[in-house]
Amino acid sequence: MPDTDALLQVEHLSHSFGGFKAVDDCSFDIARGSISALIGPNGAGKSTVVGLIGGALRNQSGSIHFDGHDISRMAAFKVARLGLLRTYQVSREFGRLTVMENLLVPPPNQKGENLLNVLFRPSVGRGEDRMLVDRAVEVLETFGLLSLRDEYAANLSGGEKRLLELARAVMAQPKFMLLDEPMAGINPALIARLDSHIRRLRDELGITFLLVEHNLDVVERICDRVVVMAFGRTLAEGRMSELRQNPEVVRAYLGGGLDERAAG
Amino acid sequence: MGLILPYLATLMVFFFIYNIFTWGLNIQFGYAGVLDFTFITFVACGAYFAGVFALGPGSKQTGFEWILGLNWPFPIALLAGAAAAGILGLIIGLIAINRLRSDYMAIVTLAAGTVIYGLVSNFTPLFDGFDGLAGLTQPFSQILPLNSNQFTYLWVLVSGVVMVVCWFIAQRILNSPLGRTMRATRDDQDAADTFGKDTVRVRLIAMSMGAVLAGVGGALLMGFIGAFSPAGWTSGETFVVFAAMIVGGTGNNWGGVVGSFVVAVLINEATRYIPPIQADPTLIPTVRNMLIGASLIVVLWVRPQGIIPEARRRLYQLPLRPGKPPAAEVESA
């Protein structure tokens, strides 16, 4: 049942590293305007799926469609230009750029990135930058990072880097954000702030989210729909509260792999 | 007095040319993080092509043979040398940058440079092999017949003007959104990719523009000395430029000025004027190389960011928008 309102469609995706099948016939859809989660025990293939969607890995079989485009084997920067933006498990800030500069990198199609403009019409880039700075100030304000604008990104704390990643992503005006473990390694107070930011971005800017997340409480709180992966394929889909009752899901999380190996 | 002035003028010319080199390498490495271990090949490319555009035709009979030999005026030859170096930068960049990163990329540049070095020094019809190009008459000698000291002063002026142009090129790139994207690519290429930046293209631009500056410097060298041969661009020369850039500080062009003064003028060039010691003629060049290495170690130890570190950009001071109370700024939490 191909969902016409799906922003992202993953169909029969498979990917092996050497002889190991990390992803094995995985399929799911992500509805436009939703906040979804991709969960599963360690080794389920979640990160590989993220890599395949984001273009860091070229998939070996199956297809990925995003917003009407086949992005199955597309390079990462081209996928990004379609409005699909991913983050990484560890913060990947531009360390020797200031916080403000970090926000000025993402906006697409900057005229000031054209070499001829740079050499012969530097005012083009400067004028464009003034507008971008205005936008960046607003974004930094909403994320509470404005006072850090001139700090090198490398000097921020772990939590601040997470906020910076989200703020920076907003500047790219994406349609879809794929967050790989956004809550990993940050304190509960900041988790609450991050998830309210995610909900606000969905409500105000209509950005669709897919979170790969281990913190199931967060998933239950903010996600409309959850895809559970185990052994490289989709195990179940639904709301978190329903999935908690699903015996297969519970088994996958509580050492199902061990049971199976013992049985086999 | 009669000797001091031409001596200082000569040092000045080398200082100016080395500034152009360090800025070129800085565009590649300091801005975009492209580790180019064959920078000197682009210098040579600029020198050779400027040479064969400015020289008369060579021939096999005279024992001086080279391609082209167009007798064109020096300014055009300089531009041709710069363009040739830029194109070579693009070609080597396509091989090295397209699929590889960091150390692997650097090794490919080194390998490409070694291949080119072998080709140029052994294939005489190209640039007269290991003997190299020679016999370039003083540029502008038809309009301005000068003795050799006067020519040195003229070259201070010429290379000074060209250096200023190169400064503006390097600064405009650094302070542009393109330069910002280059620095972002340097800090994290994958992350820049995920923001839709064509990082391979960005790095190719940096590689090529850096090579253009190298070529300009090489062409100025050719015009000044009137000769150029493989002995002048052994791979070790690349590391003199690297040392200058790192000692001065990467990611900003004033660092290049300081570094090229300390390494390329004070240590490298100035020691050439110390009279040779009869007992051991190789002593002075050896001491020079040791001094360059030592300066690099001292800087990396004491001040790894270089004498002049990359400037923190506070281009975006508040208040940017009128009517917004500054209190909003303290929110943070």
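Keep in mind it's a predicted model, so treat the numbers as computed, not measured.

1. Considering the overall build of chain B
Then, in step 1: When its secondary structure is counted, chain B shows 12 helices and 0 strands.
Then, in step 2: Secondary structure elements of chain B occur, N-terminal to C-terminal, as α-α-α-α-α-α-α-α-α-α-α-α.
Then, in step 3: Here the C-alpha atoms of chain B give a radius of gyration of 22 Å, agreeing with the 20 Å that 2.2 N^0.38 yields for 333 residues.
Then, in step 4: Looking at chain B as a whole, 54% of its 333 residues are labelled buried.
Then, in step 5: Of the roughly 14800 Å² that chain B leaves accessible, carbon and sulfur atoms contribute 70%.
Then, in step 6: Of the side chains in chain B, 18 bear a positive and 16 a negative charge, and the two mean positions are spaced by 11 Å.

2. Quick word on the packing of helix α1 (residues 4-31) of chain B against helix α7 (residues 177-187) of chain B
All names here are of chain B.
Then, in step 1: One can describe the packing of α1 onto α7 by two numbers: an axis separation of 8 Å at closest approach and a directional angle of 55°. When the axes of α1 and α7 are compared, the pair comes out oblique. Of the residues in α7, those in contact with F29, G30 and Y31 of α1 are M182, R183 and R186.
Then, in step 2: Residue composition of the contact of α1 with α7, grouped by class: 3 nonpolar, 1 polar and 2 charged.

3. Points about the interface of chain A and chain B
Then, in step 1: Taken together, the contact pairs 46 residues of chain A with 41 residues of chain B.
Then, in step 2: Buried area between chain A and chain B, summed over both chains or domains, comes out near 4100 Å², and the portion from carbon and sulfur atoms is 54%.
Then, in step 3: Seen at the junction of chain A and chain B, the total is 7 salt bridges.
Then, in step 4: If you look at where chain A meets chain B, you find 18 residue pairs in polar contact (both at pLDDT 80 or more).
Then, in step 5: Counting residues per element, the side of chain A that touches chain B draws most heavily on helix α5 (residues 122-142) of chain A, at 8 residues.
Then, in step 6: For the side of chain A that touches chain B, the residue count by class is 23 nonpolar, 7 polar and 16 charged.

4. What to know about the sheet that holds strand β9 (residues 225-230) of chain A
Residues and elements named next belong to chain A.
Then, in step 1: With respect to topology, 6 strands assemble into an open sheet ordered β6-β7-β8-β3-β9-β10, the strand pairing being mixed. The open sheet has two edge strands, β6 (84-86) and β10 (233-238), and neither has a second partner. Each strand axis lies, on average, 20° off the axis of its neighbour in the sheet, ignoring direction.
Then, in step 2: Pairing of strand β3 (residues 35-39) with strand β8 (residues 208-212) involves 4 bridges; the strand directions are parallel. Counted as the bridge partner of S36 is L210 from β8.

5. Here's the deal with the sheet that holds strand β4 (residues 61-66) of chain A
Sheets are built from strands paired through backbone hydrogen bonds, the pairs being either parallel or antiparallel.
All names here are of chain A.
Then, in step 1: Pairing within the open sheet is antiparallel, and its 4 strands lie in the order β2-β1-β4-β5. The open sheet has two free edges, formed respectively by β2 (20-31) and β5 (69-70), since each of these has just one partner strand.
Then, in step 2: Its contacts with the sheet put helix α1 (residues 46-54) on β1 (6-17), β2 and β4, and the angle it makes with β2 is roughly 65°.

6. What to know about a nonpolar patch on the surface
Then, in step 1: A grouping of L68, L70, W72 and I76 of chain B is seen on the molecular surface, where their side chains present a nonpolar patch of about 340 Å² in accessible area.
Then, in step 2: By the secondary structure assignment, W72 of chain B is in the loop between α2 (39-54) and α3 (74-97).

7. Comments concerning the confidence of the model for chain A
Then, in step 1: Across chain A, the average pLDDT comes to 88, with 94% of residues at 70 or higher.
Then, in step 2: Here residues 256-264 of chain A scores under 50 on pLDDT; set against residues more than four positions off or in separate chains, the count is 4 contacts.

Each value, and the rule that gives it
For every chain, the first residue of the written sequence is number 1, and numbering continues from 1 along that sequence. Chains and ligands are labelled by the order in which they are written, letters from A for the one and numbers from 1 for the other. Where local features are concerned, this predicted model is filtered to residues with pLDDT of at least 70; where side-chain atom pairs are given and counted, the filter is 80 or more; whole-chain, interface and lining totals use all residues. Computation of side-chain values: all heavy atoms of the structure, hydrogens and water removed. For helices the rule is a DSSP run of H or I covering at least 4 residues; for strands it is a run of E covering at least 2, with both sets numbered from the N terminus onward. For the radius of gyration, the atom set is restricted to C-alpha positions; the globular benchmark scales as 2.2 Å times the number of residues to the power 0.38. Using a 1.4 Å probe on the protein chains alone, a residue whose accessible area is under 20% of its type maximum counts as buried, one over 50% counts as exposed, and one in between counts as partly exposed. For the area figures, the Shrake-Rupley method with a 1.4 Å probe applies, and any residue is considered shielded solely by the protein chains shown. For the charge count, each Lys or Arg is scored as positive and each Asp or Glu as negative, with His and the chain ends excluded. To locate a charge, the coordinates of NZ of Lys, CZ of Arg, CG of Asp or CD of Glu are taken. To obtain each axis, a line is fitted to C-alpha atoms, and for helices this fit is confined to the stretch in contact; angles are then taken between N-to-C directions over 0 to 180 degrees. Any angle between 65 and 115 degrees counts as roughly perpendicular, while under 35 counts as roughly parallel, over 145 as roughly antiparallel, and the rest as oblique. We call two residues contacting when some pair of their heavy atoms lies within 4.5 Å. For this scheme, ten residues count as nonpolar: Ala, Val, Leu, Ile, Met, Phe, Trp, Tyr, Cys and Pro. Four count as charged, namely Asp, Glu, Lys and Arg, and the remainder, Gly too, count as polar. Put simply, buried area is how much 1.4 Å-probe accessible surface two parts lose in total, over both of them, once they are put together. Every case where a carboxyl oxygen of Asp or Glu lies within 4 Å of a side-chain nitrogen of Lys or Arg is listed as a salt bridge. In protein, a polar contact requires one atom able to donate a hydrogen and another able to accept it; more generally it is a pair of N or O atoms within 3.5 Å, and residues adjacent in sequence count only if both atoms are side-chain atoms. Two strands pair under a simple rule: DSSP has to find at least two bridges between them. Note that patches include only residues with greater than 30% relative accessible area and no salt bridge, and the join distances are 9 Å for like charges and 5 Å for nonpolar side chains (Val, Leu, Ile, Met, Phe, Trp, Tyr). Residue-level confidence of the predictor is summarised by pLDDT, bounded by 0 at the bottom and 100 at the top.

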